[in-house]
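Each chain, written out:
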Amino acid sequence: MKANPRDVFTGTYYIDGDVAAAYGALAAGCKFLGGYPITPSTEAAEAFARKAPYVGAQFIQMEDELGSIASVLGASWSGKKSMTITSGPGYSLMMENIGLGAAMEIPFVIINIQRSGPSTGVPTSTGQADIMQSKWGANGDYEVIALAPESPQESFDFAIKAFNLAERYRVPVMFMADECVGHMTEKVVIPDASEIEVEPRRFYQGKKEEYIPYRRDQDLVPPIVKAGDGYHLYITGLTHDERGYPLLDHRSLPKIEKAKVIHKKSTNPYLVDKIRKNKDEIIEMQEDHLEDAEVVIVSYGITSRVAYRAFEQARQEGIKVGMLRLITVWPFPDDRIAELAKKVKGFVVPEINYGQIVFEVDRCSHGKANTILVPHGGASVHKPDDILGAIKKIVKDNKKYEQVIEYTTTLEKTIFKGSLTEKIKK
Amino acid sequence: MTEMRFAGFGGQGIIRSGIILGRAISIYDHGFATMNQSFGPEARGGACSSQMVISDTKVLYPYVSRTDFLIAMSQEGYDKFIDELKEDGTLIIDSDLVKPKTDKKIFGIPSTRIAEELGNRIIANVVMLGFMTAVTKVVSVEAMKKTIPESVPQRFIELNIEAFDRGYHYRAE
């Protein structure tokens, strides 16, 4: 389906990643934002609020993040494409209801403009340390989809992608930008509505009296209805069967295939299977020069831009390096990494944290290739030289490492003598 | 690649200057300009700066490290960022507000005073943009003149263009 022209603010802009994300959400057909504005994501909420009246959308500034995410779940059940916008501390507060959303299979988007540090951290500076939290934040087993844009243009494009995936799979989608992308201002081209593909909500088409809330289509995703349209709808965070009724005995636990009585099937396994079994359709990567690569840089978000400079320098010096950029960080491209691990010397993983995705890369390489982490404490981005140094180290060492190793030349300087300290002094 | 920093205090239009310049370059001059901003918690009066990387190809590293141009509208901004300016870089200042102590190349203009003469000190940044356009040549005059009307309220367009021209034609001492 094409986007509604009313929702698309076609034109050429010079805007930051926050604003671009808001315009992307609107273009995707988002009609509800429940949020509690927080630096560095505030500009996104402001931009959405400013445009909302023109497209029939609503923004409610809720009392806090718990209320924000709860309002999003409710709005989405009412039939509207919905989202919230936040940053680290708010994201943490939302975890409980993200789990509820995943269990109830509600489509919604969370825009998280990541700041640096745990807890309140440094509100105005960048980080990529919420990336594991985005997958494992709430209790129990469930899968999510996470996207990482590297520019304001991608902020716009990926916001649309996020909504399309959320609606397609009835799953929370995490838009994991970072402060650098959020506050970076660049040219953004918003195309005509006729060039934007949007996923309509998967409404149930059958007879009202035959509706069963969690009966699935072939692709394991159940169609949805609007609350209040007269369907018999029972939804709960308790583990439930197809009808949505709580299912609290041992039969709720085994994998789907084993349960014989249809109504006694737990929906729990589907929360992971609907993503895992469709992962080939969901996963998106950008690959460059992987054919002859001896060393592969695996990166995401703003870090992939900086890594690209290291990639170019290394290639100029004759080092066979390749780039693998994660567009969807979750689900993780296990198979691709495993395949590459068999033929390359090693992976270099720069990220603005002290090691998160690097361990996923190491897990998938099954001991076949070396893995080097180029850590960064936040507040700024990597120096390309750090990434280049790690690439050269793998080439030079030419031996198998026992474990994931760290490589950095300027880490101390970046964290303790650089801009972070200056900001704290003030 | 050219690296540039605007520095001043909140309320002087420092961030706005960056947006106007970046927009002119990336939309009308078809170049690549990536702007990043930093500011304190205060709405006005706090230290504030915007940094810009300008290139013919996609900008990969979004922050400045060694600037080619520093445009300082306050003494604090000058003090904080002068060391970041390259040895052969160019310092551009509001000559009434900044007292430089450096042997790097300097161009000064009393932009705030000129803006007051024109009737509104709020357009000091536009006077500075005009001056900067002439000195740095990183952007075309045509691109700036197309961008300014899009970036200010309708009733202030004429005043802003006048401010830009005053800056552009100013002969630095």
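Residues numbered from 1 in each chain as written. Chains lettered and ligands numbered in written order. Predicted model: local features only at pLDDT ≥ 70, side-chain atom pairs only at ≥ 80, totals over all residues.

Draft legend 1. Highlighting the overall build of chain A. When you go through chain A residue by residue, the secondary structure sums to 15 helices and 16 strands. The C-alpha radius of gyration computed for chain A amounts to 22 Å, which stays within 12% of the reference 22 Å derived for 426 residues, consistent with globular compactness. Counting only C-alpha atoms and orienting by the principal axes, one finds that chain A spans roughly 70 × 50 × 40 Å. Out of the 426 residues in chain A, the part that is buried amounts to 52%. Sequence-distant contacts in chain A: of pairs separated by 6 or more residues, those separated by 24 or more amount to 77%. (Helix = DSSP H or I, 4+ residues; strand = E, 2+ residues; numbered from the N terminus. Rg over C-alpha atoms; globule rule 2.2 N^0.38 Å. Buried ≥ 20, exposed ≤ 12 C-beta atoms within 10 Å, placed from the backbone. Contact = placed C-beta atoms within 7 Å.)

Draft legend 2. Representation of the sheet that holds strand β15 (residues 370-374) of chain A in the model. Residue and element names in this part refer to chain A. One open sheet holds the 6 strands; their spatial order is β10-β12-β11-β14-β15-β16, and the pairing between them is mixed. Looking at which strands have only one partner, the edges of the open sheet turn out to be β10 (285-288) and β16 (405-406). For β15 and β16, the ladder comprises 2 bridges, and the chain directions are parallel. What sits directly across from isoleucine 372, in β16, is isoleucine 405. Against the sheet, helix α13 (residues 384-397) touches β11 (295-299), β12 (321-326), β14 (346-350) and β15, its axis set at about 160° to β15. (Pairing = 2+ DSSP bridges. Axes fitted to C-alpha atoms, helices over the stretch in contact; angles between N-to-C directions.)

Draft legend 3. Here's a closer look at the packing of helix α1 (residues 17-27) of chain A against helix α2 (residues 42-55) of chain A. Residue and element names in this part refer to chain A. One can describe the packing of α1 onto α2 by two numbers: an axis separation of 7 Å at closest approach and a directional angle of 35°. Where α1 crosses over α2, the two elements pack in a sense that is right-handed. Between α1, through Asp18, Val19, Ala21, Ala22, Tyr23, Ala25 and Leu26, and α2, the contact on the second element is made entirely by Glu43, Ala44, Ala47, Phe48, Lys51 and Val55. (Left-handed = near helix turned anticlockwise from the far one by under 90°.)

Draft legend 4. Here's a closer look at the interface of chain A and chain B. On the side of chain B, 15 residues touch chain A, which itself brings 17 residues to the contact. Contributing elements (two or more residues each) for the side of chain A that touches chain B: β1 (11-16), β9 (185-190) and α10 (302-316) of chain A. If one sorts the elements of the side of chain A that touches chain B by residue count, α10 of chain A sits on top with 4 residues. Of the residues in the side of chain A that touches chain B, the class split is 7 nonpolar, 5 polar and 5 charged. (Nonpolar A, V, L, I, M, F, W, Y, C, P; charged D, E, K, R; others polar.)

Draft legend 5. Highlighting the nonpolar core. All names here are of chain A. Ala25, Val109, Val173, Phe175 and Val348 are the most contacted members of the largest nonpolar core, which has 169 residues in total. Each of two domains, domain 1 (5-195) and domain 2 (284-422), supplies a minimum of three residues to this core. Setting aside anything within four residues of it in sequence, one finds valine 109 in contact with Ala25, Met83, Ala162, Phe163, Ala166, Val173 and Phe175. (Core = buried A, V, L, I, M, F, W, Y, C linked by C-beta atoms within 7 Å. Domains from an automatic or database assignment.)

Draft legend 6. Molecular detail of the confidence of the model for chain A. Predicted confidence across chain A gives a mean pLDDT of 92, with 92% of residues reaching 70 or more. This model gives residues 412-426 of chain A a pLDDT under 50, and the stretch forms 16 contacts once residues within four places in sequence are excluded. (pLDDT = per-residue confidence, 0-100.)

Draft legend 7. View of the packing of α1 of chain A against helix α6 (residues 152-169) of chain A. All names here are of chain A. Two elements in contact, α1 and α6, have axes whose closest approach is 7 Å; the angle formed by their N-to-C orientations is 35°. Viewed along their axes, α1 and α6 form a crossing whose handedness is right-handed. Along the contact surface, α1 presents Gly17, Ala20, Ala21, Tyr23, Gly24, Ala25 and Ala27, while α6 presents Pro152, Gln153, Ser155, Phe156, Asp157, Phe158, Ala159, Ile160 and Phe163. Residues of the contact of α1 with α6, tallied by class, amount to 11 nonpolar, 4 polar and 1 charged.

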